[in-house]
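# Survey of secondary and tertiary structure
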Amino acid sequence: MTKILIIYTGGTIGMVNDPSNGMLIPFDFQQIKENVPELNRLDYHLDVHSFHPVLDSSNIDPEIWKVLAELVYSKYDLYDGFVILHGSDTMAFTASALSFMLENLSKPVVLTGSQLPIGEIRTDAKENLITALEIAATKENGRALVPEVCIYFDAQLFRGNRSIKYNSEKFEAFRSPNYPILAEAGVHLQFQKNYILPAPNDKLNLRTNFNANIGVLKLYPGITPQAVKAITDSEVDAIILETFGSGNTTTAAWFLDSLRTAIHRGKIIIDISQCKKGSVQLGRYETSRELQKMGVVSGFDLTFEATVTKLMFVMGLKLSAADSRKLMEKSLRGELTND
Ligand code: ASP
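As a starting point, this report considers the structure included with it. (Residues numbered from 1 in each chain as written. Predicted model: local features only at pLDDT ≥ 70, side-chain atom pairs only at ≥ 80, totals over all residues. Heavy atoms only, no water.)

Let's shift gears to the nonpolar core. By size, the foremost hydrophobic cluster in this structure holds 55 residues, and its most contacted members are Leu98, Leu102, Val109, Leu111 and Ile151. Apart from the residues within four sequence positions on either side, leucine 102 is in contact with Ala69, Val72, Val109, Val149, Leu204, Asn205, Leu206 and Arg333. Grouped together as the second largest cluster of nonpolar side chains are 33 residues, Leu39, Val83, Ala137 and Leu157 included. (Core = buried A, V, L, I, M, F, W, Y, C linked by side-chain atoms within 4.5 Å. Buried < 20%, exposed > 50% of the residue type's maximum accessible area, 1.4 Å probe, protein only. Contact = heavy atoms within 4.5 Å.)

Two strands pair when backbone bridges link them, and strand E17 (residues 214–218) and strand E18 (residues 238–243) are joined in this way by five bridges, in the parallel orientation. Within E18, the residue paired with leucine 217 across the bridge is leucine 241. Traced from E17 through helix H5 (residues 225–232) to E18, the parallel crossover comes out right-handed. (Pairing = 2+ DSSP bridges. Helix = DSSP H or I, 4+ residues; strand = E, 2+ residues; numbered from the N terminus. Right-handed = clockwise from strand over helix to strand, strands pointing away.)

Turning to the pairing of strand E11 (residues 156–159), a few remarks are in order. Residues Gln156 and Phe158 line one face of E11 and the alternating positions Leu157 and Arg159 line the opposite face, and both faces are buried. With antiparallel pairing between neighbouring strands as the criterion, strand E10 (residues 149–153) and E11 make up a hairpin whose turn holds two residues, including aspartate 154 at a positive phi of roughly 50°. Summarising the sheet, E11 and strand E14 (residues 183–185) pair through two bridges and their orientation is antiparallel. Residue pairing in the sheet places leucine 157 in a bridge with alanine 183 of E14.

Next up on the list: unusual backbone geometry. The peptide bond linking histidine 52 to proline 53 adopts the cis configuration, its omega dihedral lying at 0°. For proline 53, the position within the fold is in the loop between strand E4 (45–50) and helix H2 (62–75).

Right, let's talk about helix H7 (residues 286–294) for a bit. The complete set of buried residues in H7 reads Ser288, Leu291 and Met294. Projection of H7 onto a plane perpendicular to its axis shows the buried side chains occupying an angular sector of 115°, all on one side. Opposite the buried face of H7, by more than 90 degrees, sit the exposed residues Glu286 and Lys293. Next to the buried residues of H7 lie helix H6 (253–264) and strand E19 (268–273). Glycine 295 sits one or two residues past H7 and shows a positive phi near 100°. (Arc of directions from axis to C-beta.)

Remember that the coordinates give geometry; whether it matters functionally is a separate question.
Below, the structure written as structure tokens:
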């Protein structure tokens, strides 16, 4: 019988109203089972591992990513797939982080959650949970059909490291702006096999060392030297530069000098666009040519979430700055397109 491990971390999916102040607070996983009797009707063996305490996903950080990755790793041989119940707010970060930590993954790790608590009549939680379980259990010729870390939400399956939380109110909370969905759940579960990563033959490899010492510099017209230098002159090891359009910035000399100095001091600077869709193309316009010359790394079409987690992951590998830059521009788990 197919065996799935459900890992419950917290989030709206398992929340109730605190009658004393009307705020949503997490409750114990037992209540999820009570609220979804359908789980008992599935033809799978389901085990549940619940976090104590359960977490709103805004409190999930690299330490928790490590706990999750180690849990999947330690139970890997015992289960056919994993479903992680997680708050939607930072789900795309966790999914991206797990994709980097779990190298040579050949089983599904499906993250899901909901916009409405599971106990509410109009909840989206049941469909999300039940279909996520089905996806985690799906096999073809004895092998998992989706050997990836992915997010299932509102009838769509996304590659985890390509997804972003896009809407805080609609059931359609996630999008994957630069990569097609992996499956759609209508009357049938329709997988887009061409877009799913092939299963590797090598053994699962776990790498959990993250270096979170990064900074983010989001550009806007009128940004001051003080605001830029607060990041470029700081003690961070790497900087995510959120630029305009296809990777463009002001060409003001003080700005370019600040970046150049930071790179000379050994910092990695990666350029991603403030546009959700499309790719950075360094050197396409004059306003990005200098960045390319000084050694700014292209983030191509990476999401912000994948950039943060990949940067922390790559820096955790403790390679030379040159090798780290190379890895950042290469697709490790299908997170970017660089051709
Ligand atoms: N604040 C919640 C969380 O991310 C929202 C959700 O679960 O969707 O944990």
